[in-house]
Amino acid sequence: MPSTLRKALTIARFTLLEAVRTRLLGVVLILLALLFLASLFVQHISVTETTRMQTGFLAATARMAVVFVLSLHVAGSMVREFNDKGVDLLLSLALPRGGYYIGRFLGFTGIAIAIAVLTTLALVALAPGQGLVLWGLSLALELTLVAALALFCVITFAQIMSAISFVIAFYLLARSISAVRLLSVSPLLAPNDWTNRAIARLVDALAWLLPDLDRFTSTAWLVDHTGSLASLGLNALQTLIYGGLLVVAGLFDLYRKDL
Amino acid sequence: MPQRRLASVPRLILGVAPIILAVQVTFAVLQPRPQARAEELTPPPSVGVLRALSLGDPIAFAQLLTLWLQAFDNQPGISIRFLDLDYGKVEAWLQRILELDPRGQYPLLMASQLYAEVPDERKQRLMLDLVYREFLRDPNRRWPWLAHATIMAKHRLNDLPLALRYAQALATHATGAGVPHWATQMQIFLYEDMGEYETARILLGGLLDSGVVQDPHELHLLIERLNQLKDAEKSSKPSKN
């Protein structure tokens, strides 16, 4: 094994250890327990399709919550390391910046997978079966993208506030871009008007630059069993491409930083 | 934070970055365009749940919901046809949006001008009935949609009694200063169309006597109409000989 890769794996291991020591997984478990209790309330007040309502609520809120927690963890961990001059120390060793970045990314990916497993387990009692497995795998892919995004943002902005604001805005836009595209081509808006056509093209261009998170981790996979291996495969391909793009962008910024 | 020169970035990264960006754009372009599906229009939750979801800003939330609902409205080839939609669900969503934003006119415009245009009489009636019920909650603001529904009932559904019911509601409830006379006078002409000349004449005479109509041109037109009604009434009565 090349020495840079070995060093990157060591950094990834310490990234995982940091998550354990900062009780990140404990926080996720408490959060999931609270959301499960809230979903019991939803089930209690529903008059029909009670399990479907509970499953939908828990899946949607848990997904949003873990995305937020993971981004905060990535941003907090990186900013702390910058402030403690841990990065300076590491880079003063025989470790290329790329090795450090890849190591951190692999570590955060490991954390994303662990969080996805915990979240999937929280839903086992409500929606067991193939749909849940596909949903869980898709969540792991989505969280991997979020980890790559948060890492890129914190390298670029070097502050928790701006990094997290960007991650949230980006995530919400990526999840809603399909709906925005649908709205932008409505013939009710006079499709022959050049401004409407220009806006529709602009929205299309924006959509091409974003990962289509709308196709990831759909609640319908759990409650209506509409997920398939083909959909998951496309999600995996999107994660590979966009994750790669974010890693390359983050590496570009890290190499240009004057540490 | 100060930055190092571009040359400090490894060439591999500089080379891979545009390639991977091109791959992303190609991948996105190759994906099928998003499409609304009729079955994805689920029944709405209760207004209480929607209020909670609006985070204290029901008007903005209602506007967003309206635009979302509109995404199911597009034409064949682009999205789905109105006709394929479950109108029970559409009606429920429009009602919820109106409950969240009672002053908003958009849902009633959609009901009367878009959803009611489908070639399915049952669905047309469902939408016109929604417009009628919602008109009664705020007649002086929502009269234009019921006026349109009256015309639809007369010319599309060929249901004069239904059109008359709507026109009577307009005359009775839409009494605000902003409501034009033509809207409240619709019932007179419907009575005429139904051959009930006497009722039409009485209503028109009452309107002229009330002094509500002040415009000389409008007065002249209505007096001429009254005379025509009197003639029609005489000619429609059977001869005593």
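Residues numbered from 1 in each chain as written. Chains lettered and ligands numbered in written order. Predicted model: local features only at pLDDT ≥ 70, side-chain atom pairs only at ≥ 80, totals over all residues. Heavy atoms only, no water.

Enquirer: Lay out the overall build of chain A in plain terms, naming residues and giving numbers.
Expert: For chain A, the helix and strand inventory stands at ten helices and zero strands. Starting at the N terminus, the α and β elements of chain A follow one another as α-α-α-α-α-α-α-α-α-α. The globule rule puts the C-alpha radius of gyration for 259 residues at 18 Å, and the 20 Å found for chain A is close to it. For chain A, the spread of C-alpha atoms along the principal axes amounts to about 60 × 50 × 35 Å. A separation of at least 24 residues holds for 78% of the contacts in chain A among residues at least 6 apart in sequence. As displayed, chain A has an accessible area near 11900 Å², and 71% of this comes from carbon and sulfur atoms. Of the side-chain charges in chain A, 18 are positive and 13 negative, and the distance between the mean point of each set is 7 Å. (Helix = DSSP H or I, 4+ residues; strand = E, 2+ residues; numbered from the N terminus. Rg over C-alpha atoms; globule rule 2.2 N^0.38 Å. Contact = heavy atoms within 4.5 Å. Areas by Shrake-Rupley, 256 points an atom, 1.4 Å probe, with all protein chains shown as cover. Lys, Arg positive; Asp, Glu negative; His and termini not counted. Charge placed at Lys NZ, Arg CZ, Asp CG, Glu CD.)

Enquirer: Would you mind going over the confidence of the model for chain B in detail, with residue names and values included?
Expert: Confidence in the prediction of chain B, expressed as mean pLDDT, is 83, and 90% of residues score 70 or more. Note on residues 75–79 of chain B: pLDDT is under 50 here. Beyond four places in sequence and across chains, it has eleven contacts. (pLDDT = per-residue confidence, 0-100.)

Enquirer: Lay out the environment of Leu210(A) with the relevant residues and their values.
Expert: Turning to its location among the elements, Leu210(A) is positioned in the loop between helix H8 (194–208) and helix H9 (219–223). Linking Leu210(A) and Arg175(A), residues 35 residues apart in sequence, is a C-alpha distance of 9.3 Å. Ignoring sequence-local partners within four residues, the contact set of Leu210(A) consists of Phe170(A), Leu173(A), Ala174(A), Ile177(A), Gln238(A), Tyr242(A) and Gln24(B).

Enquirer: Run through the nonpolar core, naming residues and quoting values.
Expert: Core analysis: the largest hydrophobic core is formed by 79 residues, its most contacted members being Leu70(A), Met78(A), Tyr100(A), Tyr101(A), Ile115(A), Leu123(A) and Leu143(A). For this core, the leading source of residues is helix H6 (residues 130–157) of chain A, giving 18 residues. The contacts of Tyr101(A), once residues within four sequence positions are left out, are Ala148(A), Leu151(A), Phe152(A), Ile155(A), Leu246(A), Val247(A), Gly250(A), Leu251(A) and Leu254(A). Counting 58 residues, the second-largest nonpolar core is a separate cluster that includes Leu41(B), Leu50(B), Trp145(B) and Leu226(B). (Core = buried A, V, L, I, M, F, W, Y, C linked by side-chain atoms within 4.5 Å. Buried < 20%, exposed > 50% of the residue type's maximum accessible area, 1.4 Å probe, protein only.)

Enquirer: Quick rundown of the interface of chain B and chain A? Include the residues and the values.
Expert: With 37 residues of chain B at the contact, the number on the chain A side is 30 residues. Counting each side, the surface lost to burial between chain B and chain A is near 3200 Å², with a carbon and sulfur contribution of 69%. Considering only the side of chain B, the residues that lose the most area to chain A are Arg4(B), Gln24(B) and Phe27(B), jointly responsible for 20% of the buried surface there. Taken together, the connections running from chain B to chain A amount to one salt bridge. Between Arg33(B) and Asp204(A) there is a salt bridge, and its shortest N-O distance comes to 3.1 Å. Sort the elements by how many residues they give to the side of chain B that touches chain A and helix H1 (residues 11–30) of chain B lands first, with twelve residues. Taken together, the residues of the side of chain B that touches chain A break down into 24 nonpolar, nine polar and four charged. (Buried area = accessible area lost by both parts, 1.4 Å probe. Salt bridge = Lys/Arg side-chain N within 4 Å of Asp/Glu carboxyl O. Nonpolar A, V, L, I, M, F, W, Y, C, P; charged D, E, K, R; others polar.)

Enquirer: Which residues make up a nonpolar patch on the surface, and what values do they have?
Expert: Residues and elements named next belong to chain A. Together, Met-64, Phe-68, Leu-72, Ile-160, Ile-168 and Leu-172 make up an exposed nonpolar region whose accessible area comes to about 480 Å². Of all the secondary-structure elements, those providing two or more residues to the nonpolar patch are helix H3 (50–83) and helix H7 (160–184). Relative to the helices and strands, Phe-68 is located in helix H3. When its relative accessible area of 39% is taken as the criterion, Phe-68 is described as partly exposed. (Patch = residues over 30% accessible without salt bridge, like charges linked within 9 Å, V, L, I, M, F, W, Y side chains within 5 Å.)

Enquirer: Would you mind going over the packing of H3(A) against H7(A) in detail, with residue names and values included?
Expert: When two helices pack together, their arrangement is given by the angle between their axes and by how far apart the axes lie. All names here are of chain A. One can describe the packing of H3 onto H7 by two numbers: an axis separation of 10 Å at closest approach and a directional angle of 150 degrees. Comparing the axis directions of H3 and H7 gives the class roughly antiparallel. Here H3 runs over H7; the crossing is right-handed. Counted together, Arg-63, Met-64, Val-67, Phe-68, Ser-71, Leu-72, Ala-75, Gly-76 and Val-79 of H3 and Ile-160, Ile-164, Val-167, Ile-168, Tyr-171, Leu-172 and Arg-175 of H7 form the full contact between these two elements. Split into classes, the residues belonging to the contact of H3 with H7 amount to twelve nonpolar, two polar and two charged. (Axes fitted to C-alpha atoms, helices over the stretch in contact; angles between N-to-C directions. Parallel < 35°, antiparallel > 145°, perpendicular 65-115°, else oblique. Left-handed = near helix turned anticlockwise from the far one by under 90°.)

Enquirer: Go over empty space enclosed by the protein, please, and point to the residues and values.
Expert: The gaps of empty space that remain are located by a probe, the size of a water molecule, rolled over the atoms. If you walk through the whole model with that rule in mind, you get two cavities of 30 Å³ or more. One number sums up the size of the largest cavity: a volume of about 120 Å³. Residue lining of the largest cavity: 13 residues in total, with Arg181(A), Ala207(A), Leu210(A), Asp212(A) and Ala28(B) positioned closest to the centre. For the lining of the largest cavity, the secondary structure elements donating two or more residues are H7 and H8 of chain A together with H1 of chain B. Taken as a whole, the second largest cavity encloses approximately 50 Å³ of empty space. Along the walls of the second largest cavity sit Glu142(A), Leu145(A), Val146(A), Leu149(A), Phe170(A), Tyr171(A), Pro211(A), Leu213(A), Tyr242(A) and Leu246(A), which together make up its complete lining. Every element with two or more residues in the lining of the second largest cavity is listed here: H6, H7 and helix H10 (229–256) of chain A. (1 Å grid on protein atoms, 1.4 Å probe; cavity = no way out; pocket = protein on both sides within 12 Å on 5 of 7 lines; lining within 4 Å. Points joined across faces, edges and corners; volume = space filled by probe spheres on them.)

Enquirer: Which residues make up the packing of H3(A) against H6(A), and what values go with them?
Expert: All names here are of chain A. One can describe the packing of H3 onto H6 by two numbers: an axis separation of 9 Å at closest approach and a directional angle of 30 degrees. For the pair H3 and H6, the crossing hand works out as right-handed. Between H3, through Ala-59, Arg-63, Val-66, Val-67, Leu-70, Ser-71, Val-74, Ala-75, Met-78, Val-79 and Phe-82, and H6, the contact on the second element is made entirely by Trp-135, Leu-139, Glu-142, Leu-143, Val-146, Ala-147, Ala-150, Leu-151, Val-154 and Ile-155. Classifying every residue of the contact of H3 with H6 by side-chain character gives 18 nonpolar, one polar and two charged.

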